Amino acid sequence: MDKYISSTSQQYFAFNIWSIESAKAVIDAASQMKCNIILQTSMKAFEQIDKKEFYAFVRSYEQKKGIKAYLHLDHCKEMDFIQEAAECGWDSVMIDASDKTLSENINITNKVVKLVRKKGILVEAEVGQICGQEDEVTSVGTGIAKMDDIEKFIKSTDIDMLAAAVGTVHGLYRGVPDIRYDMLDEIGRITDIPLVIHGGTGLTNEILLKMLIYKNVKKINISTDVKLAYKRGIEESIQMGVMEQNGFDPLKVEWFIHDEIQNMVMNKLKLLRKDSLR
Ligand code: 13P
């Protein structure tokens, strides 16, 4: 079976979701844009959703909508969750042992590769700590990986995707993002392993397009923006009066939320089009 992400695959945006409804909004956007998509569950979301029901929904809805929606476990620190994701049909997992020493990170990552490789599940791993907070995972490292560490890590592991800390941050940015484009270039020279950019929220279209020029950048993660779109949907419902006691209409509230998420996702996916601003 071909890997869905490889050095020759398309470039993707990956969106963090937490429910069937949020997944539906993302798939609807991808279907509108006629493009495949990655749905990510944080450990917290993975723990809470009914995995069988969620998996069945995604597999039938992607088919109905004529696209592929790959399932990815984001920032996982627990072997049990990785095992469970593999058993439940997730397409890829991220082992995040970036808070450990480099050699511990290598050992843990190798264990994960061994555990899931036979099932054809792809493995993403992190080198250097990407700062900020992603659900329950918080990191306060330097935010920039050392090139030597990256080189050693990729030589000592057999990962399918590399999340290297290149200056992006999880959550909202304080000030202007200081992205190390030179590292995107340098990493591309030493390996053809697909590169994953975390902390996509708060990066302008210009920055995102600039990153997408690097052909080794294959996955850009967006989480906070999905939550913010959800919040806007609720705020809009209040403004439009659909939360009024007498006229309270939960379906309308859900549609406001759906549309906010769908529009945000579509705006990101437009950047993948060859005829976009690039
Ligand atoms: P943001 O919340 O900054 O979009 O980061 C998402 C992410 O990198 C998920 O792993």
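Provided above is the structure to which this section pertains.
Asks: Go over the site of the ligand with me, naming the residues and quoting the values.
Replies: Contacts to the ligand come from 16 residues, most closely from Asp-74, Gly-199, Thr-201, Ser-223 and Thr-224. One of the side-chain nitrogen or oxygen atoms of Asp-74 is found 2.7 Å away from an oxygen atom of the ligand. Contact between the ligand and Thr-201: an oxygen atom at 2.5 Å from a side-chain N or O atom of the residue. Here the residues of the shell around the ligand are counted per class, giving two nonpolar, 12 polar and two charged.

Asks: Mind laying out helix 3 (residues 51-65), listing which residues take part and the relevant values?
Replies: Here helix 3 spans 21 Å end to end across 15 residues, near enough to the 21 Å set by a 1.5 Å rise per residue. Lys-51, Phe-54, Phe-57, Val-58, Arg-59, Tyr-61 and Glu-62 are the residues of helix 3 that are buried. Residues of helix 3 that are buried in the fold lie against helix 1 (20-32), strand 2 (37-41), helix 2 (43-48), strand 3 (69-76) and helix 4 (79-87). A side-chain oxygen of the first residue of helix 3 lies 3.3 Å from the backbone nitrogen of Lys-52; this N-cap is Asp-50.

Asks: So what about unusual backbone geometry? Which residues, and what values?
Replies: In most cases, non-glycine residues show a negative phi, while peptide bonds are predominantly trans. The phi dihedral of Lys-34 is positive, around 50°, even though this residue is not glycine. One can find Lys-34 in the loop between helix 1 and strand 2. For Lys-34, a relative accessible area of 72% gives the class exposed. A positive phi is found at His-75, a non-glycine position, where the angle reads about 35°.

Asks: I'd like a description of the side chain of Ser-98, backed by residues and values.
Replies: Relative to the elements of secondary structure, Ser-98 occurs in the loop between strand 4 (92-95) and helix 5 (102-117). Judged by its relative accessible area of 10%, Ser-98 is buried. Each residue touching Ser-98, except ones within four places of it in the same chain, is listed here: Asn-105, Glu-126, Gly-128 and Gln-129.

Definitions and cut-offs
- All chains use their own residue numbering, which begins from 1 and follows the written sequence.
- Only residues with pLDDT of at least 70 are given local features in this predicted model, and only at 80 or more are side-chain atom pairs given and counted; all residues enter the totals for whole chains, interfaces and linings.
- Here the side-chain values reflect all heavy atoms present in the structure, with hydrogen atoms and water set aside.
- A molecule or strand has a residue near it when one of that residue's heavy atoms lies within 4 Å.
- Distance and chemistry together define a polar contact, namely a pair of N or O atoms within 3.5 Å, with one atom able to donate a hydrogen and the other to accept it when in protein, and with adjacent residues in sequence counting only for side-chain atoms on both sides.
- Asp, Glu, Lys and Arg are counted as charged, while Ala, Val, Leu, Ile, Met, Phe, Trp, Tyr, Cys and Pro are counted as nonpolar; the rest, among them Gly, fall into the polar class.
- Helix and strand assignments come from DSSP, with helices taken as H or I runs of at least 4 residues and strands as E runs of at least 2, each series counted from the N terminus.
- Residue count minus one, scaled by 1.5 Å, sets the expected span of a helix.
- For the exposure calls, accessible area comes from a 1.4 Å probe over protein chains only, and a residue counts as buried if that area is under 20% of its type's maximum, exposed if over 50%, partly exposed in between.
- Residue contacts are defined here by distance: any two heavy atoms, one from each residue, within 4.5 Å place the two residues in contact.

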